[in-house]
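Examination of the molecular architecture
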Amino acid sequence: MIESTEALESVEQLTVGWRAMVLDQNPDADVRDLPGIAVRWADCLFPFWNCVTLTESGIGADLLAQRFAEAADVMRTKQKSGFLWVFEGLAEGADLDALADRAGLEFAFPGTGMAGDLLPIPEPSHAELTFERVTTDAQLLVYADINSRAYGFDLEAGRDGIAGSALWKSGVHAYLGLRDGVPVTCAGAVETAGRLFVVLVATEPGAERRGYGEAVTRKALYEAWRATGITRATLHATAAGAPVYPRIGFEPNSPIRFYALKA
């Protein structure tokens, strides 16, 4: 059983971190905190920046059903597609898929919230990689394209998410991992509500299972810790990435279910 306090930490990291990310992409983004619902919606081509999430724990079935319906109503007002993020630790025992179905939503994919008091860590290295911090627009485009290919998005989607961003070139400790001079993996870490929040980790298709994602994540965390002194880190992992992060010291705190509007 997942403690709701751990799930709430994961929710806070999303709502605080995504406020900065979404407003960076679109200063006029829909960023609101409604009763039981946080809206962080850039309405851009990058679907991860189009987010609604539930924020209450331990509420009854009727109110939970109402929150699903309200979240779906928000999503229907948008032009671009995105996801409702539901942290299962906030609703232990609820039939989330049934509630989503009633609200006109369908399950898209799973994820896992993770956290750990894991820093400092040794300075990272990998026999096949060198690391570069993202500081230029050209590097940022490479970072965006790796994410798009890894997650199966059009290249325009990733570029619409972070291309030209000042935040990603300065506030985020974003790193590329290069093999023989060619970028093959990337990860970022950003200070968020007293934590280091790991964001947008990706590896080029065909370059997986060689430890690249773990190595570049360690690099981003190591450099963010050197800059901030923060020792606790958090992230939201996809199913593909979930086995990697416990090797760094992360512990799962809440399964996540991502829902999209029914077609």
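What you see is a predicted model, and the numbers here were worked out from it, not measured in a lab. (Residues numbered from 1 in each chain as written. Predicted model: local features only at pLDDT ≥ 70, side-chain atom pairs only at ≥ 80, totals over all residues. Heavy atoms only, no water.)

1. So, the overall build of the protein
- Scanning the protein from terminus to terminus reveals 7 helices and 11 strands.
- Taking 18 Å as the expected radius of gyration for a compact globule of 263 residues, we find that the protein reaches 18 Å, a close match to that expectation.
- The dimensions of the protein, computed from C-alpha atoms along their principal axes, are 55 × 35 × 30 Å.
- Counting across all 263 residues of the protein, residues that qualify as buried make up 53%.
- Here the contacts in the protein between residues at least 6 apart in sequence split such that 74% fall between residues at least 24 apart.
- Computed over 23 positive and 35 negative side-chain charges, the separation of the two mean positions in the protein equals 3 Å. (Helix = DSSP H or I, 4+ residues; strand = E, 2+ residues; numbered from the N terminus. Rg over C-alpha atoms; globule rule 2.2 N^0.38 Å. Buried < 20%, exposed > 50% of the residue type's maximum accessible area, 1.4 Å probe, protein only. Contact = heavy atoms within 4.5 Å. Lys, Arg positive; Asp, Glu negative; His and termini not counted. Charge placed at Lys NZ, Arg CZ, Asp CG, Glu CD.)

2. Concerning the environment of Arg247
- By the secondary structure assignment, Arg247 is in the loop between β10 (232-238) and β11 (251-261).
- Sequence spacing of Arg247 and Ala100 is 147 residues, and the spatial spacing of their C-alpha atoms is 33 Å.
- Beyond its immediate stretch of four places on either side in the chain, Arg247 contacts Glu214 and Arg218.

3. Overview of the packing of aromatic side chains
- Tallied over the full model, the rule gives 20 aromatic pairs.
- Ring geometry for Phe109 against Phe258: centres 4.3 Å apart, planes inclined by 20°, an arrangement best described as stacked. Pair noted here: Phe109 is in strand β5 (residues 105-117) and Phe258 is in strand β11, with a separation of 149 residues, a long-range link.
- Relative to Phe153, the ring of Tyr151 has its centre 6.1 Å away and its plane inclined at 25°; by these criteria the two rings are stacked.
- A network of ring pairs unites the aromatic residues Trp18, Phe46, Phe48, Trp49, Phe83, Trp85, Phe109, Tyr151, Phe153, Phe197 and Phe258 as a single cluster. (Phe/Tyr/Trp six-rings, centres within 6.5 Å; stacked < 30°, edge-to-face > 60°.)

4. Here we look at the environment of Ala7
- As for its placement among the helices and strands, Ala7 is situated in helix α1 (residues 4-25).
- For Ala7, a relative accessible area of 0% puts it in the buried group.
- Once the C-alpha coordinates of Ala7 and Arg179 are considered, the two residues, 172 residues apart in sequence, prove to be 37 Å apart.
- Leaving out residues up to four positions away in the same chain, Ala7 has contacts with Gly89, Leu90, Asn253 and Ser254.

5. Structural notes on helix α7 (residues 212-228)
- For α7, with 17 residues, the first-to-last C-alpha span of 24 Å sits near the 24 Å given by 1.5 Å per residue.
- Burial analysis of α7 places 13 of its 17 residues in the buried class, the great majority of the element.
- Positive phi appears at Gly229, one or two residues downstream of α7, with a value of about 75°. (Expected span 1.5 Å × (residues − 1).)

6. Concerning helix α2 (residues 61-76)
- Between its terminal C-alpha atoms α2 stretches 23 Å, which fits the 22 Å expected from 16 residues at 1.5 Å a residue.
- If you check which residues of α2 are buried, you get Leu64, Ala65, Arg67, Phe68, Ala71, Ala72, Val74 and Met75.

7. Considerations on the nonpolar core
- Trp18, Met21, Trp49, Trp85, Tyr143, Ile162 and Trp168 are the most contacted members of the largest nonpolar core, which totals 38 residues.
- Elements supplying a minimum of two residues to this core: α1, β4 (83-87), α4 (137-151), β7 (173-179), β8 (182-192), β9 (195-203) and β11.
- In terms of residues, this core owes the most to one element, α1, which gives 6 residues.
- Core analysis: the second largest hydrophobic core is formed by 24 residues, Met114, Leu119, Ala187 and Tyr245 among them. (Core = buried A, V, L, I, M, F, W, Y, C linked by side-chain atoms within 4.5 Å.)

8. Thoughts on unusual backbone geometry
- Backbone torsion omega between Leu119 and Pro120 reads 5°, so that peptide bond is classified as cis.
- Take Pro120: it is sitting in the loop between β5 and β6 (130-133).
- Positive phi, close to 50°, is recorded for Asp180, a residue that is not glycine.
- Relative to the helices and strands, Asp180 is located in the loop between β7 and β8.
- Accessibility expressed as a relative area gives 75% for Asp180, which makes it exposed.
- We note that Ala193 has phi near 50°; this positive angle belongs to a residue other than glycine.
- With respect to the helices, strands and loops of the structure, Ala193 is situated in the loop between β8 and β9.

9. Focus on the packing of α4 against helix α5 (residues 155-162)
- Contact geometry of α4 with α5 gives a least axis separation of 8 Å together with a crossing angle of 135°. Between α4 and α5, the crossing angle belongs to the class labelled oblique. Pair α4 / α5 crosses with right-handed handedness. Along the contact surface, α4 presents Leu140, Leu141, Tyr143, Ala144, Asp145, Ser148 and Arg149, while α5 presents Leu155, Ala157, Gly158, Arg159 and Ile162.
- Looking at side-chain class alone, the contact of α4 with α5 contains 7 nonpolar, 2 polar and 3 charged residues. (Axes fitted to C-alpha atoms, helices over the stretch in contact; angles between N-to-C directions. Parallel < 35°, antiparallel > 145°, perpendicular 65-115°, else oblique. Left-handed = near helix turned anticlockwise from the far one by under 90°. Nonpolar A, V, L, I, M, F, W, Y, C, P; charged D, E, K, R; others polar.)

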